[in-house]
Structure formats: structure tokens, C-alpha cells
Amino acid sequence: MKFNNLIFTSILLLLAFWLTAQDVQFTVDAPNRVEHNAQFKITYTINQEGDFTGPQLTDFQVLGGPSVSSATSMQIINGRTSSSSTKSYTYFLRATKIGSFKVPMAKVVVKGKEYRTPTLGIEVLKSANGSANATQSEITNADFKPDGIVFVRSIIDKKKVYLGEPVLLTQKLYSKERIANISDFKEPNYGGFWKENIDIGELKQTTEVINGVSYNVVVLQRILLFPQKAGKLEIGSFTLEGIVQIIKKRRPRDQFEQMMYGNVIQYYDNQEITLNSPKEHLQVSDFPANKPNAFSGITGNFKMETHIDKTTLNANDAFNLKITISGNGNFELLPDLDIAFPPDFEVYDPKISKKIQTNTDGISGSKTIEYLIIPRQEGSFTIPSFGFNFFNPQTEHYESCYSKDLEINVNKGDGTVAMVSQSGANKTDVKYLGQDIRHISTTAQHFNNLDHHYFNSWEHWAFLLLSPLLTLALVIFGKKQQDKRGNKSYMRHKKATSTANKKLKKANEFLKNHDKNSFYTEVSRALWGYLADKFSLSISELNMENIESQFSKLNIEAGVFAKTKEVLENCEFARYAPGDEVSNMHLLYDSALMLISQIEKSIK
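Residue numbers restart at each chain and count upward from 1, following the sequence in its written direction. Confidence filtering applies because this is a predicted model: local features only for residues at pLDDT of at least 70, side-chain atom pairs given and counted only at 80 or more, and all residues used for totals across whole chains, interfaces and linings. Heavy atoms throughout the structure, all of them, feed into the side-chain values; hydrogens and water do not.

## Some remarks on the overall build of the protein
Stage number 1. A count of helical and extended segments in the protein gives eight helices and 34 strands.
Stage number 2. For every residue, the accessible area (1.4 Å probe, protein chains only) is compared with the maximum for its type, and the residue is labelled buried under 20%, exposed over 50%, or partly exposed between those bounds. Across the 604 residues that make up the protein, the buried fraction comes to 37%.
Stage number 3. Two residues qualify as a contact provided that any one of their heavy atoms is within 4.5 Å of a heavy atom in the partner residue. Put simply, of all contacts in the protein between residues at least 6 apart along the chain, 71% involve residues at least 24 apart.
Stage number 4. Where accessible areas are quoted, they stem from the Shrake-Rupley method and a 1.4 Å probe; at the residue level, only the protein chains shown are allowed to cover. Roughly 36,400 Å² of accessible area belongs to the protein as shown, and the carbon and sulfur atoms make up 50% of that amount. Labels follow the DSSP assignment, with helices taken as runs of H or I lasting at least four residues and strands as runs of E lasting at least two, numbered in each case from the N terminus.

If you want it as C-alpha cells, here you go:
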């Protein structure tokens, strides 16, 4: 064993002798021309061991390096032994600026003697595809303050917005070191916002140069936030856990490592990190004064088109009314259209379809509402103008989408009441919408005794005495009912439960079809709409603080409010919860039904 170690040591000494006997050759290899934003490399090669000092590469973005590699070869020919050894130092660069640039000299010290490479000239040319295809450009941002070599940021594209105006939130990880893994990501609290996630696909690592400094960047998430209340709103801090690989240097442990890797050895050290992003603040302005009467609080830019496939038809024939609303904004908050159809029209429940896109520019698309309508009587009818108002944050003005009055001419048709004549008609054909015309009865009826006279009878005098009282009571009752119908807040309060149940019934259909996103959206709309109608709150007033205040006024138990808050938060986060998705959806649906029932009992 000792003999083998002696042979190995002897070989190393001979190799070192042969290496030092060689002439020192220190060279550099680099392209003369590169395209703008193209990646390239500079390689320094030396055939002796020495202390290498690289150049200052200030005119290029350093993507990596110096990467060190060694190669050693030995040959024995006719009893004569020869060997060669080289060590290379490679820099990976990107040309971020157009022009002619100099690469300073590098140097190496071998046995106390210094060797230098010549200064290189590299010309950066405009990309053949034009600057539009550039893969990267330098970003200048005076507000960007790095926090160490690895940090996270929440970036919003606007600092001041109006109620309901979308804000793009981008959550990023920055690192000067290599990012090995992201193990956990915890979202912040989005209180006061309605949010829509943007699909960014798989996480990808890119490079950004900010204020002259290169960072490895991972976009963690992009979200559209719609502020629901005015004032200074806070976007909370998110938490990220992961692993970064930090380049470290050390001295060689023995002569063999020194021979193979040089006097300085670089290696990656995996380090676990837990990062918290700084909070962001957003100033939200309330809607301007002079709101239109029918303004529901929606923000965006919309247009509406109406189309009727028939304007002249026969009674009992059907026609279609198609309404298309398109534009940019939160389509989930579009108000229901209040269309005053003539009473002689039989109107079926509308078919509603949506084509919505959510991207970094906001929410855009269209919503189509189709009605099937059957006129039951001849005549000329008008469907009055209908539509809605919205606030356009670009123009900072209220705008409106309203249709024209729609004229429908209905002619006589076979089998309708309009064709009733002396020739007779079927009893089933003689029918108006909302009232019936009866045929002559063919059965015996009850007849009164001719000796009995109603005039001056006790029934007659009782009727005369009670008539004024009954009339007064009916007038008072009718007045009260009219006041109630004129009170929109009362009608919203009265219909809140039935409206919510209709929306939950629709959510149940999405549940049966396993349409997760549509289910959670419909449950959220049902609960928020129920609370808004029950407590007569507008969309701008719809937040947890106002709901808690309303509960307190009505002496509703604190536990009911806690349950309300819990269910509403589950609407946002349940879709991301681990476990069985179907079970989570069933649990949320049952919780929503029980919550509405519990609130109703508490109010009564």
C-alpha cells in the first residue's frame, strides 16, 4: 500500500515538473461582432497553474461565470512521455447596448510573473429582426430598492385609481443567485378588493437588468384587483419559501485539487430562504358627484347592441330579442337589465352566454342575453328603451348604454282571439295573457226566489253601512302597498332571499357539472348580492366593515357575523384548498344555504 502511494506521488511530482517546464501560454477567445441582446461567451485559457484575475465587464450583462474547467493529457510514444494541461475561465455575457466596446485585459500570475491578454474590441450590431424582437432591455426605476441578494416584491401598475378600476398586481422573486426551487407561497390578504387571477402557466426564470444590475427573476403570480371601497387601501405582504444556490469560493484542500481546479475553487451552496414582500398601498378615489339615477357602481368601458329577428309577425308566433354587451370591465358586476315588456307578451327566461378574457390589460369580452318572446294579441307594441350606466375611468365621466325603443307589429293569426267570430272558435284558442274570455255556460245555474227582494233587506242596509268603512280600509291598504312598491330599498330587502336562492340554484347546476370556477363565482355573487339587498347597500358600500355595522344595528349575534366572514372568505380561497374539490364545493354550498337561513332567523 505504501509502495502504491509512493508511485502515485512520484507521478504527480513528475507531472508537475513537466507542466512547469512548458512555456506559459495565456490566450483569449471571443467574437468580434454580436447582435444586440444576443448571448455570447469569452473564454480565457492558460496552460500553467496560476492566480487568474478576470476583466471588469461593465459594458455587458454578465449572465454567469467565470466557469472553470481543466483538461490534462499524457502521451507515451516510443518510451518518451509528453503531457499537456490547460485551464479555461469562461464568462457568459449578453450584449445589452448597441455600439463598439472594449473588453479590458485579464491577467494571471505564474510563479510570481504576471501575464496579460490583449484588450478586445467587440462591435454590437442592431438585431436583424429589429428592436421589437429584443429579448431584454435595461429598466431604469429610481423607486426600485433592492433588499439583499434575494428578495420579493409586489408591483402594481397604478398608484391612484377609481372605485372598481382594475389594478394589475405582479408578485416577483428577484435574486442575484441561482434559484433552485420554490417550496411554498402564501398569498396576502386582499381585503377591500375583488380579485381575478391571470393564468401565467408554469413558473419560468428570466433575467432583468434594473438600474444596471442583473437579476434572476421569477414571476410568481399576476392578479387583477378591483377596489370595492374608496380611500387608502393596503395590499398585504405575501410569504415565499424556497432554495437558492449561492456561489462560494474556497482554497483547495490538497495539491491534487489545486492541480485540477486552481488556487480558488467555486461551488454552489444550497440555502433555504423565507421571504416577505413589503406592503403596497393604493389610493382609491370615489366616484365623482352627479351620479346618474340608475348608476349601479360598475366601472369600465362598454357598448350594447340589440337585435330582433322579426319586427312584424302573427299572434302566437315567436321572435327573438338578442342583447350583446361588450367592452372592458368586470362583467360579473353588470346589473340585470330592467326591460318593461308589454303585458301581452309571454317572455321566457333568457339564455345568457359569456366570452370573457382575463389578461394583463384587464377583463374584456362580451355577454349575450337572448329572450324568446311570444305575443298573444294583435296590435302595435313598443318595448321601451333599456340599458345601464357606468363610469369610464379613462374619460373620468359617467357614460351609458341604452337601446332605442323597439317597435313590434303583431298581425292576426290562426287560432288566436283576434279571429273569434260568429262561426265560433275552440275554447282553448280564446285566451288573452292575464285574463280569460268565457263561453256561454251550457249547464244549469242557481236561480233566486222571485218573492225575495234585495232592496230594503237587511243585507242591503248592512252593505250601505259597511261600504264606507270597507272603502276607507281599501284606500289605506292600497296607499301602503303603493308606498312599499315605490320604496326600492324595501323591495330589495323583501326579495333578497328569493334572489339569493335563485343564484344558489344556478350554482348547484355548476356543482353538478363540476364547473369549479363558475360555481365559486356564482356562490360569491349570491352571498354578496343577498347582503347588499338585505341591508340596502350599494356596491361601493359593500365591505366587511359595513356588514358588521348592519349586523350590530339589528342585534345579530357576533357568531353569525363570524360565520358570514368565514363563508365569504371560503368563496375566495376554497378553490385553492387541498383535498377533494367536489367535497369542498358541496361543503361551501351547504354553508351558504345555512348562512342565509341563519341570518333570516336572526333578523326575525
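Resuming the write-up.
## Observations regarding the sheet that holds strand β10 (residues 120-125)
Stage number 1. When DSSP finds at least two bridges between two strands, those strands are taken to pair. Pairing is mixed across the open sheet formed by three strands, whose spatial order is β2-β10-β7. For this open sheet the edge positions go to β2 (33-35) and β7 (99-103), each flanked by a neighbour on one side alone. For this sheet the average axis-to-axis angle between neighbouring strands, irrespective of direction, equals 30 degrees.
Stage number 2. Here β2 runs beside β10; their pairing, made up of three bridges, is parallel. For Val-34, the partnering residue across the bridge sits in β10 and is Val-124. Every angle, taken between N-to-C directions, lies between 0 and 180 degrees, and every axis is a line fitted to C-alpha atoms, over only the stretch in contact when it is a helix.

## A closer look at the environment of Arg-376
Stage number 1. Note on placement: Arg-376 falls in the loop between β28 (362-375) and β29 (379-383).
Stage number 2. For Arg-376 and Pro-343, which are 33 residues apart along the polypeptide, the C-alpha to C-alpha distance reads 9.4 Å.
Stage number 3. A distance of 2.5 Å separates a polar atom in the side chain of Arg-376 from a polar atom in the side chain of Glu-346. In protein, a polar contact means a hydrogen-donor-capable atom and an acceptor-capable atom, both N or O and within 3.5 Å, with residues adjacent in sequence counting only if both atoms are side-chain atoms; elsewhere, any N or O pair within 3.5 Å suffices.

## Some thoughts on the packing of helix α5 (residues 516-534) against helix α8 (residues 581-603)
Stage number 1. Relative to each other, α5 and α8 sit at 10 degrees, their axes nearing to 11 Å. Our classification of the angle between α5 and α8 gives roughly parallel. Here α5 contributes Lys-516, Phe-519, Tyr-520, Val-523, Leu-527, Tyr-530, Leu-531 and Lys-534 to the contact with α8, which in turn contributes Glu-581, Asn-584, Met-585, Leu-588, Tyr-589, Ala-592, Leu-595, Ile-596, Ile-599, Glu-600 and Ile-603. The labels follow the angle: roughly parallel below 35 degrees, roughly antiparallel above 145, roughly perpendicular from 65 to 115, and oblique for the rest.

## Remarks on the packing of aromatic side chains
Stage number 1. Put simply, two rings from Phe, Tyr or Trp (the six-membered ring, in Trp's case) pair if the centres are within 6.5 Å, and we call them stacked under 30 degrees between planes, edge-to-face over 60, tilted for the rest. Using the criterion set out here, one finds 25 aromatic pairs in the structure.
Stage number 2. With centroids separated by 5.4 Å and ring planes inclined at 80 degrees, the aromatic side chains of Phe-40 and Phe-60 adopt a geometry described as edge-to-face. In this pair, Phe-40 sits in strand β3 (residues 39-46) while Phe-60 sits in the loop between β4 (51-53) and β5 (61-77), placing the two residues 20 residues apart along the sequence.
Stage number 3. Cluster of aromatic residues (ring-pair linked, three or more members): Phe-26, Tyr-44, Phe-52, Tyr-89 and Tyr-91.

## A few points about helix α6 (residues 544-553)
Stage number 1. Those residues of α6 lying buried are Met-544, Ile-547, Gln-550 and Phe-551. Relative to the axis of α6, the buried residues are bounded by an arc of 125 degrees and lie together on one face. Exposed residues on α6 whose side chains face more than 90 degrees from its buried face are Ser-552 and Lys-553.
Stage number 2. Asn-555 occupies a position one or two residues after α6 and carries a positive phi of about 60 degrees. The arc in question is the one spanned by the directions pointing from the helix axis to the C-beta atoms.

## Regarding the pattern of salt bridges
Stage number 1. Any carboxyl oxygen of Asp or Glu that lies within 4 Å of a side-chain nitrogen of Lys or Arg is treated as forming a salt bridge with it. Scanning the entire structure with this criterion turns up 11 salt bridges.
Stage number 2. For Lys-107, the salt bridge is made with Glu-114, and the minimal N-O distance between the two is 3.7 Å.
Stage number 3. Taking the relative accessible area as the measure of exposure, Lys-107 reaches 31% and is therefore partly exposed.
Stage number 4. Among the ionic pairs, Glu-234 bridges to Lys-279, the shortest N-O distance being 3.7 Å. With Glu-234 in strand β19 (residues 231-235) and Lys-279 in the loop between β21 (265-276) and β22 (280-285), this pair connects stretches of sequence that are 45 residues apart.
Stage number 5. A single network of salt bridges, built from pairs that share partners, joins Lys-107, Glu-114 and Arg-116.

## A closer look at α8
Stage number 1. Relative to the 33 Å expected for 23 residues at 1.5 Å per residue, α8 spans 33 Å between its end C-alpha atoms, a close match to the ideal helical length.
Stage number 2. Of all the residues in α8, the buried ones are Asn-584, Met-585, Leu-588, Tyr-589, Ser-591, Ala-592, Leu-595, Ile-596, Ile-599 and Glu-600. How far a helix is expected to stretch is found by multiplying one less than its residue total by 1.5 Å.

## Let's talk about the nonpolar core
Stage number 1. Here the nonpolar core consists of buried residues drawn from Ala, Val, Leu, Ile, Met, Phe, Trp, Tyr and Cys, with membership extended through side-chain atoms lying within 4.5 Å. If you look at the biggest cluster of nonpolar residues, it comprises 34 residues, and the most contacted ones within it are Phe-302 and Ile-323.
Stage number 2. At the level of elements, β16 (193-198), β18 (213-227), β23 (295-308), β25 (319-329), β28, β29, β30 (387-392) and β32 (406-411) are the ones that each hand at least two residues to this core.
Stage number 3. With 32 residues, the next largest nonpolar core counts Ala-500, Val-523, Tyr-530 and Tyr-589 among its residues.

## As for the sheet that holds strand β8 (residues 107-110)
Stage number 1. One open sheet holds the three strands; their spatial order is β4-β8-β9, and the pairing between them is antiparallel. The open sheet terminates on both sides in strands that have one partner only, identified here as β4 and β9 (113-116). Between one strand and the next, the sheet's axes are offset by a mean angle of 20 degrees, whatever the strand orientation.
Stage number 2. As paired strands, β4 and β8 are joined by three bridges and run antiparallel to one another. Residue pairing across strands places Phe-52 opposite Val-108, the latter belonging to β8.

## Details of the confidence of the model for the protein
Stage number 1. The predictor reports its confidence for every residue as pLDDT, a score running from 0 up to 100. With 78% of its residues at a pLDDT of 70 or more, the protein has an overall mean of 79.
Stage number 2. Counted against residues more than four places away or in other chains, residues 130-137, with its pLDDT under 50, gives 11 contacts.
Stage number 3. In the model, residues 416-436 has pLDDT below 50 throughout and makes 29 contacts with residues more than four positions away in sequence or in other chains.

## A word on a nonpolar patch on the surface
Stage number 1. Nonpolar side chains (Val, Leu, Ile, Met, Phe, Trp, Tyr) are joined into patches within 5 Å and like charges within 9 Å, using only residues with over 30% relative accessible area and no salt bridge. Judged by side-chain polarity, Leu-465, Leu-466, Leu-469 and Leu-470 come together as a nonpolar surface patch covering roughly 440 Å² of accessible area.
Stage number 2. Summarising the element assignment, Leu-469 is placed in helix α3 (residues 458-486).

## Quick look at the side chain of Ser-366
Stage number 1. Considering the arrangement of structural elements, one finds Ser-366 in strand β28.
Stage number 2. Relative accessible area serves as the criterion here: at 18%, Ser-366 is assigned to the buried category.
Stage number 3. Sequence-distant contacts of Ser-366, that is, excluding residues within four places in its chain, are made with Thr-324, Ile-325, Ser-326, Phe-331, Ser-353, Lys-354, Lys-355 and Ile-356.

## So, the environment of Tyr-371
Stage number 1. Here Tyr-371 is to be found in strand β28.
Stage number 2. Classification of Tyr-371 by relative accessible area gives buried; the value is 12%.
Stage number 3. Along the backbone, Tyr-371 and Tyr-348 are 23 residues apart, and their C-alpha atoms lie at a distance of 6.5 Å.
Stage number 4. Setting aside chain neighbours within four positions, we find Tyr-371 in contact with Phe-319, Asn-320, Leu-321, Ile-323, Ile-339, Phe-341, Val-347, Tyr-348 and Pro-350.

## Regarding unusual backbone geometry
Negative phi characterises most residues that are not glycine, and trans characterises most peptide bonds.
Stage number 1. One non-glycine residue, Asn-316, lies in positive phi territory at about 75 degrees.
Stage number 2. Structurally, Asn-316 can be placed in the loop between β24 (312-314) and β25.

## Quick word on the environment of Gly-329
Stage number 1. You can see Gly-329 is positioned in strand β25.
Stage number 2. Once the C-alpha coordinates of Gly-329 and Glu-165 are considered, the two residues, 164 residues apart in sequence, prove to be 7.9 Å apart.

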